[in-house]
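Descriptive analysis of the structure
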Amino acid sequence: MITRRNILVGAGALGTAAVLGEIAGPVQAQGKKTLVLASMGPVTGNWDPTSHTTLGQGNFEKFVFNALTRAPMRDGEADVLEPALAESWKLIDKNTMEFKLRDGVKFHDGKEFGAEDVKATLEYSADPARPAASFCPGKVDVEIVDRLTVRLHTEKYGYPASAWWFISSVIPILSAKDVADPKTLEKRPNGTNAFKYVETNGDKNVLHANDAYFGGRPKIDEVIYAYVPDANTRVLGLLNGQHQIAERLEPEQYASLQGNSNVATRKGLTTENKYLHFRCNKPPFDDPRIRLAACHSIDRQQILELMGEAALPSSCYISPMKFGYKDIDGYPAYNPEEAQRLLAEAGFPNGKGLPQLEYITSIGFYPKTKEYGELITAMLQEQGFDVQLTVLEPAAWEVAIYRRADGQGQGHMCDVGWMTPSPEPDLVLRPNWQSGAALITGINDPEIDAVLDKERNAPNPEERLKILTEETFPTMAKKVPSFSLFSALTFHGAAKNLEGAVYLPYGAIDLSKADLV
Amino acid sequence: MLFAIDFFVRRLAQGVVILVGVALLIFTLLRVVPGDPVRLMLGPMVSPSVAEETAKELGLRDPIIVQFGRYMSQVLRGDFGRSFVRSAQGGSTGGSRGESTFDASNRAPVIELIATTVPYSLLLAGLAFLISLIIAVPIGVWAGLNAGKWPDRAALYLSSILVSLPNVWLGLVFIFLLSVKTGWLPAIGYQGWTYAILPALVLAVELVPVIIRSLSVSVSANLLEPYVSVGQIRGLTRSRMIAAHVLRNSTIPLLNVLGIQAVGLLLGGLFVVEYLFNYPGMGLLMINAVFQRDFPIIQAIAIFSCAALVGVNILVDFASTTIDRRLQY
């Protein structure tokens, strides 16, 4: 006899089967190739690329916009530039640079690309009132020679046109129509690249393949750029098939994923160095001897052991991925006797008489900052510095590190990484150590300014390389406004069936030739 | 009838005072605690002067009382402002004038963002409630009916274990075991109601001990009341006594528990669980807003959560008075 209990049990079994059946199906619709990228960086609400300098949104914009050139930044080839929207470029004279533009390119809204778009974009981006103006070497006058030729003139603004050489790969080219209409510019990103922006749903930004892309329609139909702030969630989503790329893995996750057969991992050197910045505009670190003493107290080898795979030793103010890198002779090494000698010379034998120093670091943003912060604190205390470590969560740390409007900054030292989207060294050197900006250190040293200006004004890249390696970096190593601890590597995880993705050393990922097989 | 009107008017007035107090507290804390939304919006390479300009445009440099007054007058008109960071959802919406670094017109209205996420949170909370009741009610009643014997103790041990499990760890273990390793349930994000099962399970684990405890205590206390033995003497069977009378009396404390503790636990647990599972509900919206110092969203969700809790309290107290008239005041 069938009882009510039998019926209830049967219904329960049926319900469970239905639920399980629903899960079994594939994530993607019929044949459509969708790639979900789990990102650690959110986008801001303003789609105008000149309105921000955040890395997360910058990497997203790389899917949508092209620049004049492209810097592939492969290992050991920091100075290579490839054509993107420009087919060729040359320096005509010290203050003029010419770009010949690619024909037959359309923006995602259908407008034809031409010289007027380059003029509108560069003059707009270089306007000092724009938040992202610091990416540009200065204001510029752009001359339209013909529909597919532009000339950049920098004579009026006092810097050589060669300063635009590497920056030509950074500035996203906007439509002149959008630049003239700011409300449209902010509403949606409209570029020329392989993927076009469709919509935003909560934390997911949806991109579709651009059928008219000049490099050929991408094989991937849809890219979903999802903001997933928790590193564990990014990886778990990768493991259960819901994310196809997870960026910014922690070193431990990279190690444990290497054995996993469903996931491909990769590590790469980035354009980022981690710096110990000194506040150079207030005591005691306004005295270069005390800064040097602090540097000689730090054994970078121990920090490297702590960081493991996530760090590469480097003795320069920029990463090996950037133009001008060279391990500098005379870069401060671990030398406790020298530290003591300098402290005594500066009037603080054994650190006696120094005020308590606050060392600000972050947690949850870069790997192991708290751990090596504690290590550095201990090493400094060993030499007599009285150091207090302040560990802040990323939003609070971001406020604490920058100098305020009155020129002063919190604490005496801070730990900051600096990742820039180009081989151009000035994107690191000038914002940090040129007295007009010195966003964190507040350094105001005429000798450093002089060598920074000298390398920027070099007539050609060969001369510039010489000045950087023989004058600029050695001068900085003597004055140490900041101490570069190591160059950072990042780790990505991807679905095993993803082929052809190109990972750039500043976080952006090029999917124009990628495929999910 | 008169009692009901009197009750609601009194309690709603108290509720408004609480809401304004909470709003002022959150508002002030956000602006006093370290973390600058402008810096997070604009990024590292921005000059301090441009950052200051943007902050002034957002009204963040006015005295806090002035900002609060401005905010409350907007709220009273139903306008919870626009997000500092998130753009309008879906395709582009209508824009307006302005070349400034911050033009609010393109940012999503807070109400819209919350309205999109609340249904997901309600689904999650509802499912968590359901699962916890299904598990906890039978165990709690059984433990109460056998007070002092081994079912009671077993329920106590079970509750202790469940209460001690940290929800962060449990969530990650569930994802790893039940989704990644075995593929039984989906885990991250939302693509159908089944994605809410795992997070609801984690939330239920927090609720179950509370319900078991409350039920077993009140059932066992009620069994000791005189009316139980009197009723049995008068001829009612024990099971009818329990089903029709004891259980009904036992639910009063349970109602209070559900209203106050459970909703409070759910609200708190929602943030962590949604963050772990990347579940697109109100909790994830709040956590991301805190990371990005998106003040308007943080303020609005704080006000809504407070209002929800106050409202549930009022309803629960009123419901108690209908079950037991002696509780009217």
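Please read all numbers here as calculations on a predicted model, not as lab measurements. (Residues numbered from 1 in each chain as written. Chains lettered and ligands numbered in written order. Predicted model: local features only at pLDDT ≥ 70, side-chain atom pairs only at ≥ 80, totals over all residues.)

As a further point, take the overall build of chain B. A tally of regular secondary structure across chain B gives 12 helices and 2 strands. Overall, chain B shows an N-to-C arrangement of helices and strands of α-α-α-α-β-β-α-α-α-α-α-α-α-α. Buried positions account for 37% of the 329 residues belonging to chain B. (Helix = DSSP H or I, 4+ residues; strand = E, 2+ residues; numbered from the N terminus. Buried ≥ 20, exposed ≤ 12 C-beta atoms within 10 Å, placed from the backbone.)

Our focus in this paragraph is the overall build of chain A. A tally of regular secondary structure across chain A gives 16 helices and 21 strands. Computed over its C-alpha atoms, the radius of gyration of chain A comes to 26 Å, within 12% of the 24 Å expected for a compact globule of 517 residues. Across its three principal directions, the C-alpha atoms of chain A cover 100 × 70 × 40 Å. Here chain A holds 517 residues, and the buried ones make up 50% of them. Within chain A, counting contacts between residues at least 6 apart in sequence, those at least 24 apart form 67% of the total. (Rg over C-alpha atoms; globule rule 2.2 N^0.38 Å. Contact = placed C-beta atoms within 7 Å.)

Here we come to the interface of chain A and chain B. With 47 residues of chain A at the interface, the matching set in chain B holds 55 residues. Looking at the side of chain A that touches chain B, the elements with two or more residues in it are helix H1 (4-24), helix H6 (182-187), strand E8 (195-201), helix H7 (231-239) and helix H13 (394-401) of chain A. Per-class residue counts for the side of chain A that touches chain B are 19 nonpolar, 17 polar and 11 charged. (Nonpolar A, V, L, I, M, F, W, Y, C, P; charged D, E, K, R; others polar.)

This part takes up the sheet that holds strand E4 (residues 86-93) of chain A. All names here are of chain A. The 4 strands lie next to each other as E4-E5-E7-E6, forming an open sheet whose pairing is antiparallel. Looking along the sheet, the strands with just one partner apiece sit at the ends: E4 and strand E6 (141-146). Each neighbouring strand pair of the sheet contributes to a mean axis angle of 20 degrees, computed without reference to strand direction. Bridge count between strand E5 (residues 96-101) and strand E7 (residues 149-153): 5 bridges; the pairing is antiparallel. Bridged to methionine 97 within E7 is leucine 152. Each of E5, E6 and E7 touches helix H3 (residues 115-125); the most contacted strand, E6, lies at about 175 degrees to it. (Pairing = 2+ DSSP bridges. Axes fitted to C-alpha atoms, helices over the stretch in contact; angles between N-to-C directions.)

Moving on: the environment of Phe295(B). If you trace the backbone, Phe295(B) turns up in helix H12 (residues 295-323). Overall, the presence of 25 C-beta atoms within 10 Å leaves Phe295(B) in the buried class.

The next thing to look at is the environment of Gly158(A). Residue position: Gly158(A) is located in the loop between E7 and helix H4 (164-167). It is 8.8 Å that separates the C-alpha atoms of Gly158(A) and Asn95(A), two residues lying 63 residues apart in sequence.

The next subject is the pairing of strand E1 (residues 34-39) of chain A. Residue and element names in this part refer to chain A. A large share of E1 lies buried, amounting to 5 of its 6 residues. As judged from the 6 bridges shared by E1 and strand E10 (residues 222-227), these two strands associate in the parallel manner. Note on E10: the bridge partner recorded for valine 36 is isoleucine 224.

Another point: unusual backbone geometry. Residue and element names in this part refer to chain A. Here the amide bond leading from proline 283 into proline 284 is cis, since omega sits at -5 degrees, within 30 degrees of zero. Tracing the backbone shows proline 284 in the loop between strand E12 (263-278) and helix H9 (288-296). Its identity is not glycine, yet lysine 368 carries a phi of approximately 65 degrees, on the positive side. Looking at the element boundaries, lysine 368 is found in the loop between strand E14 (357-362) and helix H12 (369-382).

Right, let's talk about the environment of Met97(A) for a bit. All names here are of chain A. Within the fold, methionine 97 resides in strand E5. Between the C-alpha atoms of methionine 97 and aspartate 515, which are 418 residues apart in sequence, the distance is 37 Å. Those residues within four positions of methionine 97 in sequence are excluded, and the remaining contacts are Trp89, Leu91, Ile92, Leu152, Ala161 and Trp164.

Okay, the confidence of the model for chain A next. On average, residues of chain A score 90 in pLDDT, and 94% of them reach the 70 mark or higher. With pLDDT under 50 throughout, residues 18-29 of chain A is counted as low confidence; its partners more than four residues away or in other chains account for 9 contacts. (pLDDT = per-residue confidence, 0-100.)

The next subject is the nonpolar core. Membership of the largest hydrophobic core comes to 208 residues, with the highest contact counts inside it found for Leu85(A), Val223(A) and Ile211(B). If you tally residues by element for this core, the top one is helix H8 (residues 197-223) of chain B, at 15 residues. Those residues in contact with Leu85(A), other than ones at most four positions away along the chain, are Asn66(A), Ala67(A), Leu68(A), Leu101(A), Arg102(A), Val105(A), Phe113(A), Ile173(A) and Thr192(A). (Core = buried A, V, L, I, M, F, W, Y, C linked by C-beta atoms within 7 Å.)

For the rest of this paragraph, the subject is the packing of H7(A) against helix H7 (residues 167-181) of chain B. Closest axis-to-axis distance for the H7(A)/H7(B) pair is 10 Å, and the angle between their directions is 10 degrees. With respect to H7(B), the axis of H7(A) lies roughly parallel. Residues Asn232(A), Leu236(A) and Leu239(A) of H7(A) lie in contact with H7(B), whose contacting residues are Leu172(B), Ile175(B), Phe176(B) and Val180(B). For the contact of H7(A) with H7(B), the class distribution of residues is 6 nonpolar, 1 polar and no charged. (Parallel < 35°, antiparallel > 145°, perpendicular 65-115°, else oblique.)

Attention now goes to the confidence of the model for chain B. Residue and element names in this part refer to chain B. Considering every residue of chain B, the mean pLDDT works out to 85; 95% of them sit at 70 or more. With pLDDT under 50 throughout, residues 91-101 is counted as low confidence; its partners more than four residues away or in other chains account for 23 contacts. Model confidence for the complex: the whole-complex pTM is 0.83, and ipTM, which rates the interface, is 0.76.

Here the focus is the pairing of strand E16 (residues 413-418) of chain A. All names here are of chain A. Most of E16 sits out of view: 5 of its 6 residues are buried. The pairing of E12 with E16 spans 6 bridges and is antiparallel. Among the inter-strand pairings, histidine 277 is bridged to a residue of E16, identified as cysteine 414. Both E14 and E16 contribute to a ladder of 2 bridges, which runs parallel.

So, about the packing of H9(A) against helix H11 (residues 336-345) of chain A. All names here are of chain A. At a minimum axis distance of 8 Å, the contact between H9 and H11 shows a crossing angle of 160 degrees. Here H9 is positioned roughly antiparallel relative to H11, judged by the angle of their axes. The handedness of the crossing between H9 and H11 is left-handed. Counting all contacts with H9, which are made through Arg289, Ile290, Leu292, Ala293 and His296, the residues of H11 involved are Pro336, Glu338, Ala339, Leu342, Leu343 and Glu345. Grouping the constituent residues of the contact of H9 with H11 by class yields 7 nonpolar, 1 polar and 3 charged. (Left-handed = near helix turned anticlockwise from the far one by under 90°.)

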